[in-house]
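So the chains spell out like this:
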Amino acid sequence: MIEILPAPEYVAAFRLSGTLRGEDYDVIIPAIETKLAHNEQIGVLADLTQFEHMTAKALQRDLAYGMSKLGEYHRFKRAAVIGDKRWIEMTTKLADKLFPQIEARVFHAGELEEAMRWVAGFRDDLISEGL
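Now for a description of the structure that goes with this document. These numbers come from a predicted model, not from an experiment.

A separate point is a nonpolar patch on the surface. On the surface, Met54, Leu59 and Leu63 cluster together into a nonpolar patch covering about 250 Å² of accessible area. When you line up the elements, Met54 lands in strand S3 (residues 42-54).

Spelled out as structure tokens, the structure:
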């Protein structure tokens, strides 16, 4: 199941729980695309504390969407992932290394507010750098 979380206009924030299905991407993709249509750069937050697994169709949709955005990864400034499972931490750290243009960080259960501040904070960083 997907829940869109309240977030600044330039952050796409989701809570994933249970099993992620292909049709859940009918919610995720338009939400991200709306943020991208109104902002040159965005952050993405995913709360995976109640996430269990994803179907093959969901994985297929995730990979297809990711591939469709290859030339636009510079528009995704930060990714905050909330979860206490070891594979979530390892996957996020790997993504941080594989996609250096996207700063990725893991947060633990109960750190939603901190994760939201961090993922949204790229705007403050850009302003302080004069960009």
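One open sheet accounts for 5 strands, arranged S1-S2-S3-S4-S5; its pairing is mixed. Strands with a single pairing partner mark the edges of an open sheet, and in this sheet they are strand S1 (2-4) and strand S5 (103-107). In this sheet, adjacent strand axes meet at a mean angle of 20° when their direction is disregarded. Sheet analysis places S3 next to strand S4 (residues 76-82), joined by 6 bridges and oriented parallel. Counterpart to Asp47 in the pairing with S4 is Ile82.

All right, on to the packing of aromatic side chains then. The final tally for this structure, using the stated rule, is 4 aromatic pairs. Between the aromatic rings of Tyr10 and Phe122, the centroid separation amounts to 5.6 Å while the plane-to-plane angle is 90°, which identifies the pairing as edge-to-face. You can see Tyr10 sitting in the loop between S1 and strand S2 (11-20) and its partner Phe122 sitting in helix H5 (residues 122-128), a full 112 residues away along the chain. An angle of 55° between the planes, with centres 5.9 Å apart, marks the rings of Phe107 and Trp118 as tilted. On the criterion of sequence distance, the pair formed by Phe107 in strand S5 and Trp118 in helix H4 (residues 112-120) is long-range, its members being 11 residues apart. Here the two residues Phe107 and Trp118 agree in accessibility, since each one is buried.

It is worth spelling out the side chain of Thr19 at this point. Within the secondary structure, Thr19 is located in strand S2. Polar contacts involving the side chain of Thr19 include one to the side chain of His53, which spans 3.3 Å.

Reading guide: rules and limits
- Residues numbered from 1 in each chain as written.
- Predicted model: local features only at pLDDT ≥ 70, side-chain atom pairs only at ≥ 80, totals over all residues.
- Heavy atoms only, no water.
- Patch = residues over 30% accessible without salt bridge, like charges linked within 9 Å, V, L, I, M, F, W, Y side chains within 5 Å.
- Areas by Shrake-Rupley, 256 points an atom, 1.4 Å probe, with all protein chains shown as cover.
- Salt bridge = Lys/Arg side-chain N within 4 Å of Asp/Glu carboxyl O.
- Helix = DSSP H or I, 4+ residues; strand = E, 2+ residues; numbered from the N terminus.
- Pairing = 2+ DSSP bridges.
- Axes fitted to C-alpha atoms, helices over the stretch in contact; angles between N-to-C directions.
- Phe/Tyr/Trp six-rings, centres within 6.5 Å; stacked < 30°, edge-to-face > 60°.
- Buried < 20%, exposed > 50% of the residue type's maximum accessible area, 1.4 Å probe, protein only.
- Polar contact = N/O pair within 3.5 Å; in protein donor to acceptor, adjacent residues only side chain to side chain.

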